Amino acid sequence: MEQILINNTIYGRWMYRILLGLAFASNISTGASSIFAAAGLLLVLIQSVRTRISPPVDSGLAATVLIYLGIWVICGLTSREASTSVAAVGGAAHRILPLFLTMLYVHHKEQMRAIILAFAASVCINDITAFAQLGIHGMESRPTGLVHSPTFLASHLLMAIPVLCFFSQQSYMRHFQRPLLALALLSGVLLLLTQTRGAWLAAAGTSALLFALTPQLRRVLLAAALIGTLLLSAVILFSPTYSSRLISISDTGYASNQERIYMWQAALDIFRDHPILGVGMDEYGYYYNTAYIPDAARERPRDPDDPSTGHGHPHNNFLKHLSEGGIFGAVAFLLLHGYLFYRLYQQFHEERRQRTPAYALMGILVFAGIHLEGLTDTNINQLSIAREYWLLMGLTLASGAMEHLPHTACTEKSSPESSSHEY
């Protein structure tokens, strides 16, 4: 009830607007999303000072995040450039902010509907931009959308597809259900066209996970898999580029694969030389390009005198944390995301037991997509990807709590920004 009262204050109404902006900016502007996240933090601070009441933050998640950040501050203080590494930890904290903002202020299905529609609009704009790039540069090119690289675009699509599919089935989305499903299907096609092999494997793994967790959907999933296989076969048949990309997945001699192996080996070497606290957050690039890059590596810094012009991460989320934070950094990574997965899985079982909408299943699929792709690409530290990831994790956990609030929390009348208009 305390959360509902907070939501109905002027602070709740303004935070609702901020979260709408954050959702809309998530796929189209990292700068705007940073501004909205900072505005959300500022609003929480103003509310705490003026009301002298601390927001009811989830204690388990807060403790886990603080432990994660605290460990990385310690790692940063012992690094080559302490100020740079500690500042990077501050950046990581800023990326996680949407998790708490959504959990604190989203408690109505009407809010959820509007935020998801803003998110869908963001995905739609990004998808249209990517398809326009394919139209201009040809189907053999790799689109980037509005998120700087094909791999970034693929990560965003891996998150968007399960979210759009899930909300297209919720009754409170009403007339937007079919457009959301159509956008999910369009995003699936675009995921194939990004030619991002790690994302292809992540999509296959996520689909297998969905198949295992939802016996009631297995016939539908098998039909979808058949259609997807036919589409993929057609693309491969008529495109040597796509065919070679698919075949190269298991080819260790393929140039891109070999470069990744070099970077993974370097990350392990850095860990062996700095096993306890690593070299500090965001320091992998300096050490790899100055001391650990093998002579056989072809992808070297564009400016030999500037290590920052080369690869800045080992293309693996865990190895990045292991090399930059040593055993403490690796444990912090596993603790943060392991605890988050525990909460999602716990919520999944509760939703299944009570037969409420499976928000947690959606969250688990987003989680799986990012971390499976994170085996071949470092994505969880990228600003646009991380901010959207934490926003969606917050919405997932907030949605689970929303189902157990009093009925008045879900009515049109109680929504701070609701109107009498029926969608």
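It should be noted that the structure appears before, not after, this text.
Quick caveat, the model's predicted, so the values are computed rather than measured.

Topic: the overall build of the protein
Working step 1: Across its full length, the protein holds 16 helices and 0 strands.
Working step 2: For a compact globule of 423 residues, the expected C-alpha radius of gyration is about 22 Å, and the protein comes in at 22 Å, within 12% of that figure.
Working step 3: With the C-alpha coordinates of the protein rotated into their principal frame, the extents come out at 65 × 55 × 40 Å.
Working step 4: Scored against the burial criterion, the 423 residues of the protein give a buried share of 51%.
Working step 5: Of all intrachain contacts in the protein linking residues separated by at least 6 positions in sequence, the fraction that spans at least 24 positions is 75%.
Working step 6: As displayed, the protein has an accessible area near 18900 Å², and 65% of this comes from carbon and sulfur atoms.
Working step 7: Averaging the positions of the 27 positive and the 27 negative side-chain charges in the protein gives two centres separated by 9 Å.

Comments concerning a nonpolar patch on the surface
Working step 1: A cluster of nonpolar side chains, contributed by Ile276, Ile327, Phe328 and Val331, occupies part of the molecular surface with about 350 Å² of accessible area.
Working step 2: Summarising the element assignment, Ile327 is placed in helix 14 (residues 317-354).
Working step 3: We classify Ile327 as partly exposed; its relative accessible area is 40%.

Focus: the packing of aromatic side chains
Working step 1: If you walk through the whole model with that rule in mind, you get 11 aromatic pairs.
Working step 2: Three or more aromatic residues joined by ring pairs make a cluster, and in this case those are Phe341, Tyr345, Phe348 and Phe367.
Working step 3: The residue whose ring lies beneath Arg17 is Trp14, and the NZ or CZ to ring-centre distance is 4.6 Å.

Here's the deal with helix 7 (residues 150-167)
Working step 1: Between its first and last C-alpha atoms helix 7 spans 26 Å; for 18 residues at 1.5 Å apiece the expected length is 26 Å, and the two agree.
Working step 2: Within helix 7, 16 of the 18 residues are buried, which leaves the element mostly enclosed by the surrounding structure.

Some remarks on the nonpolar core
Working step 1: If you look at the biggest cluster of nonpolar residues, it comprises 94 residues, and the most contacted ones within it are Leu99, Phe167, Tyr389 and Trp390.
Working step 2: Looking at which element gives the most residues to this core, the answer is helix 7, with 12 residues.
Working step 3: Counting 15 residues, the second-largest nonpolar core is a separate cluster that includes Met263, Ile270, Ile293 and Ala297.

Considerations on the pattern of salt bridges
Note that side chains of opposite charge can pair when their charged atoms are close.
Working step 1: For the coordinates displayed, the defined rule picks out 8 salt bridges.
Working step 2: For Arg80, the salt bridge identified is with Glu81, shortest N-O distance 3.3 Å.
Working step 3: For Glu81, a relative accessible area of 32% corresponds to the partly exposed category.
Working step 4: Notably, a salt bridge pairs Asp377 with Arg260, separated by 2.7 Å at the nearest N-O pair. On the criterion of sequence distance, the pair formed by Asp377 in the loop between helix 15 (359-373) and helix 16 (383-402) and Arg260 in helix 12 (residues 255-273) is long-range, its members being 117 residues apart.
Working step 5: With a relative accessible area of 8%, Asp377 lands in the buried category.
Working step 6: Residue Arg260 is classed as buried on the basis of its relative accessible area of 14%.
Working step 7: Here the salt bridges do not stand alone but share partners, grouping Arg80, Glu81 and Glu283 into one network.

A closer look at the environment of Asn126
Working step 1: Topologically, Asn126 is positioned in helix 6 (residues 109-137).
Working step 2: In the structure, Asn126 is positioned 21 residues away from Val147 in sequence and 8.1 Å away in space, judged by C-alpha atoms.
Working step 3: Residue contacts for Asn126: discarding those within four places in its chain leaves Asn27, Ile28, Gly145, Leu146, Val147 and Leu153.

Thoughts on the environment of Tyr68
Working step 1: Among the secondary structure elements, Tyr68 is positioned in helix 4 (residues 59-77).
Working step 2: Judged by relative accessible area, which is 6%, Tyr68 ranks as buried.
Working step 3: Taking the C-alpha atoms as reference points, Tyr68 and Leu334, 266 residues apart in sequence, are found 9.4 Å from one another.
Working step 4: Discounting chain neighbours no more than four positions away, the residues touching Tyr68 are Met281, His321, Ala332, Phe333 and Leu336.

About the criteria used
Residues numbered from 1 in each chain as written. Predicted model: local features only at pLDDT ≥ 70, side-chain atom pairs only at ≥ 80, totals over all residues. Heavy atoms only, no water. Helix = DSSP H or I, 4+ residues; strand = E, 2+ residues; numbered from the N terminus. Rg over C-alpha atoms; globule rule 2.2 N^0.38 Å. Buried < 20%, exposed > 50% of the residue type's maximum accessible area, 1.4 Å probe, protein only. Contact = heavy atoms within 4.5 Å. Areas by Shrake-Rupley, 256 points an atom, 1.4 Å probe, with all protein chains shown as cover. Lys, Arg positive; Asp, Glu negative; His and termini not counted. Charge placed at Lys NZ, Arg CZ, Asp CG, Glu CD. Patch = residues over 30% accessible without salt bridge, like charges linked within 9 Å, V, L, I, M, F, W, Y side chains within 5 Å. Salt bridge = Lys/Arg side-chain N within 4 Å of Asp/Glu carboxyl O. Phe/Tyr/Trp six-rings, centres within 6.5 Å; stacked < 30°, edge-to-face > 60°. Lys NZ or Arg CZ within 6 Å of the ring centre and 35° of its normal. Expected span 1.5 Å × (residues − 1). Core = buried A, V, L, I, M, F, W, Y, C linked by side-chain atoms within 4.5 Å.

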